[in-house]
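# Chains, contacts and geometry: an overview
So you can see what is in the structure, the chains are spelled out below.
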Amino acid sequence: GSGAGNDAFVARALTGENGRVIGIDMTVQMVEKAQTNAEKLGYQNVQFKLGEIEDMPLPPNTADVVVSNCVLNLVPNKKQAFVEIYRILKPGGHFSISDVVITSELPVGLQQAAEMYAGCVAGASLKNDYLSQISEQGFENITIQAEKPISIPDDVLEKYLTESEVEALNKNGSIILSITVYGEKPKHLG
């Protein structure tokens, strides 16, 4: 989900002039916009490709680093997304992913709300399941580098939940978390 290219341009500053950055987005419009932005900025070492995270248009062992910012919770097949991240990383490469997870199931009203989906909440996985999917792909040194509760204001919750559901959700504390996860592809495979 490279969008208009902002994260790719930040990554470019970190890789330097000799580094290469590849952004991937699933919409033609965003790929075109990002490429136009790169051209306007004169960036020769940033490119954008059309593709989905579950089937990235890159050969195996291409990337030293994979970054993602609040995209995987929107992906229907998160397991396949982690398979692809593992596939395109070079041995010894790593990922850093910021995402939204939950600590217990969301009430049905929130799961079905388009506003919650657009806000990266409705598609969120249980935190333990999310981390297990990463581990199952063979990543090592998996660490949560940052974790912060996300609060949804009562006036928003009341659009989708009954008063008793809002009270129960608030009583349990924040079950929605923003996390940043780091993991490495093993250096020595096989």
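If you're wondering where the values come from, they're calculated on a predicted model, not measured in any experiment.

Conventions we followed
Residues numbered from 1 in each chain as written. Predicted model: local features only at pLDDT ≥ 70, side-chain atom pairs only at ≥ 80, totals over all residues. Heavy atoms only, no water. Helix = DSSP H or I, 4+ residues; strand = E, 2+ residues; numbered from the N terminus. Buried < 20%, exposed > 50% of the residue type's maximum accessible area, 1.4 Å probe, protein only. Arc of directions from axis to C-beta. Contact = heavy atoms within 4.5 Å.

### What about the environment of N172?
Tracing the backbone through its elements, the reader meets N172 in the loop between α8 (163–171) and β7 (176–184). For N172, a relative accessible area of 57% puts it in the exposed group. Distance from N172 to S104, taken between C-alpha atoms, is 9.7 Å for residues 68 residues apart in sequence.

### Describing helix α1 (residues 6–15)
Regarding α1, the residues found buried are A8, F9 and R12. Considered in projection along α1, the buried side chains sweep an arc of 100° and stay on one side of the axis. Facing away from the buried side of α1, by more than 90 degrees, are the exposed residues N6, V10, A13 and L14. If you follow the buried residues of α1, they end up packed against β1 (21–25), α2 (28–41) and β2 (46–50). After α1 finishes, the residue G16 shows a positive phi value of roughly 80°.

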